[in-house]
Amino acid sequence: QFGDTGTDSSFSEQSVLVRGYGALVVNNELGIEDFSFNPVIASGLGFIAPKGVERFEWNPSTRLLEQVWVNEGVSIPNGIPTMSQKSNMMYGVSHGLGTWTFIALDWTTGERIFEKRFGIGLLFNSAYAGTEIGPFGQLYTGVLDGMVRMKEKN
């Protein structure tokens, strides 16, 4: 339920991010019940963008899926996250009040490591695109208007 104990439902439409026995899901529950336009576009509207990222771990001894952490403040409304075993970070496309960013969370703790803005407005909506790690650690994602790349400053 992505940290919200007052709700009786939640759902995630993106692919589950898996590493070893760990699994990470993002919240796709919109902040409104009825809307008359595409939910992918709606999820990019700041006032209804879903929030919450949650990591679980399979315990082979107890045969239970256990919650590891929840980050209630992050919105990854419709992009597919990825991770780097080398950096121990999960990467995704985040959204807040019209601003689209690349975000990195620590896989172990869920702590926000960095967030880098790459665009404002509808055309930067990730619209279910996957976040990819390319050569030299650069991040890539598709957006409604094409593709975005983040690279380190030289």
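Before any of the text, the structure's been laid out above.
Counting restarts for each chain, with residues numbered from 1 along the sequence as it is written. Under the rules for a predicted model, residues below a pLDDT of 70 receive no local features and side-chain atom pairs below 80 are neither given nor counted, while totals for whole chains, interfaces and linings still include all residues. Side-chain numbers here rest on the full set of heavy atoms in the structure, without hydrogens or water.

Trainee: Hey, could you run me through the sheet that holds strand 9 (residues 131-133) in this one?
Mentor: Within a sheet, each strand pairs with its neighbour through backbone hydrogen bonds, oriented either parallel or antiparallel. A pair of strands counts as paired when DSSP detects no fewer than two bridges linking them. Comment: elements are numbered from the N terminus, with helices defined as DSSP H or I runs of at least four residues and strands as E runs of at least two. Spatial ordering of the open sheet is given by 9-10-11, a layout of three strands whose pairing is antiparallel. Edge positions in the sheet fall to strand 9 and strand 11 (146-150), since each of these pairs with one other strand and no more. Sheet twist, expressed as the mean angle between neighbouring strand axes with direction ignored, is 25 degrees. Across three bridges, strand 9 lies against strand 10 (residues 139-143) in antiparallel orientation. Note that in strand 10 the partner of Glu132 across the bridge is Tyr140. The angle between two axes is taken between their N-to-C directions and runs from 0 to 180 degrees, where each axis is a line fitted to C-alpha atoms and a helix contributes only its stretch in contact.

Trainee: How do you make sense of the sheet that holds strand 4 (residues 64-71) when you look at a structure like this?
Mentor: With antiparallel pairing, four strands are arranged side by side in an open sheet as 1-2-3-4. Here the strands that pair on one side only, and so sit at the sheet edges, are strand 1 (17-19) and strand 4. When the angles between neighbouring strand axes are averaged without regard to direction, this sheet yields 20 degrees. Judged from the five bridges that link them, strand 2 (residues 22-26) and strand 3 (residues 53-59) form a sheet pairing that is antiparallel. Bridge pairing in strand 3 links Gly22 to Glu57.

Trainee: Hey, could you run me through unusual backbone geometry in this one?
Mentor: Most peptide bonds are trans, and most residues other than glycine sit at a negative phi. For Ala127, which is not glycine, the phi dihedral falls at a positive 45 degrees. Position of Ala127 among the secondary structure elements: in the loop between strand 8 (112-120) and strand 9. Throughout, exposure labels follow a simple rule: accessible area from a 1.4 Å probe, protein chains only, divided by the maximum for the residue type, with under 20% read as buried, over 50% as exposed, and the rest as partly exposed. Accessibility expressed as a relative area gives 24% for Ala127, which makes it partly exposed. Phi is positive for Phe136, which is not a glycine, with a value near 60 degrees. With respect to the element layout, Phe136 can be found in the loop between strand 9 and strand 10.

Trainee: For this particular structure, what's the right way to read the layout of surface pockets?
Mentor: Leftover empty space is mapped by rolling, across the atoms, a probe with the size of a water molecule. Considering only enclosed or pocket space, the second largest pocket measures out at about 220 Å³ in volume. For the second largest pocket, the lining is made up of 13 residues, of which Ser87, Tyr91, Gly137, Gln138 and Glu152 are closest to its centre. All residues other than Ala, Val, Leu, Ile, Met, Phe, Trp, Tyr, Cys, Pro, Asp, Glu, Lys and Arg, Gly among them, are scored as polar; the first ten of these are nonpolar and the last four charged. A per-class count over the lining of the second largest pocket returns six nonpolar, four polar and three charged. Cavities and pockets were defined on a 1 Å grid built over protein atoms only: a cavity is a set of grid points that admits a 1.4 Å probe from which the probe cannot escape, a pocket is an open set flanked by protein on both sides within 12 Å along at least five of seven lines, and lining residues are those with an atom within 4 Å of any such point. Grid points are joined across faces, edges and corners, and a volume is the space filled by probe spheres set on the points.

Trainee: Explain the pairing of strand 11 here, please?
Mentor: Within a regular strand, side chains alternate between the sheet's two faces. Two strands pair when backbone bridges link them, and strand 10 and strand 11 are joined in this way by five bridges, in the antiparallel orientation. Paired with Val143 across the strands is Gly146, a residue of strand 11. Following strand 10, the chain reverses through two residues before pairing antiparallel with strand 11.

Trainee: What am I meant to see in the nonpolar core here?
Mentor: One recurring pattern in soluble globular proteins is that nonpolar side chains are buried together. By nonpolar core we mean a set of buried residues, namely Ala, Val, Leu, Ile, Met, Phe, Trp, Tyr and Cys, connected to one another through side-chain atoms within 4.5 Å. Leu17, Leu24, Val26, Val53, Trp69, Val74, Ile76, Met83, Met90, Ile103, Leu105 and Trp107 together form the largest nonpolar core, which totals 12 residues. Those elements giving two or more residues to this core turn out to be strand 2 and strand 7 (99-106). Here, residues are in contact when the closest pair of their heavy atoms is within 4.5 Å. In contact with Met83, other than residues within four places in its own chain, are Leu17, Arg19, Asn88, Met89, Met90, Tyr91, Trp107 and Ile133. The next biggest cluster of nonpolar side chains, apart from the first, holds 11 residues, and it includes Met89, Val93, Trp100 and Phe102.

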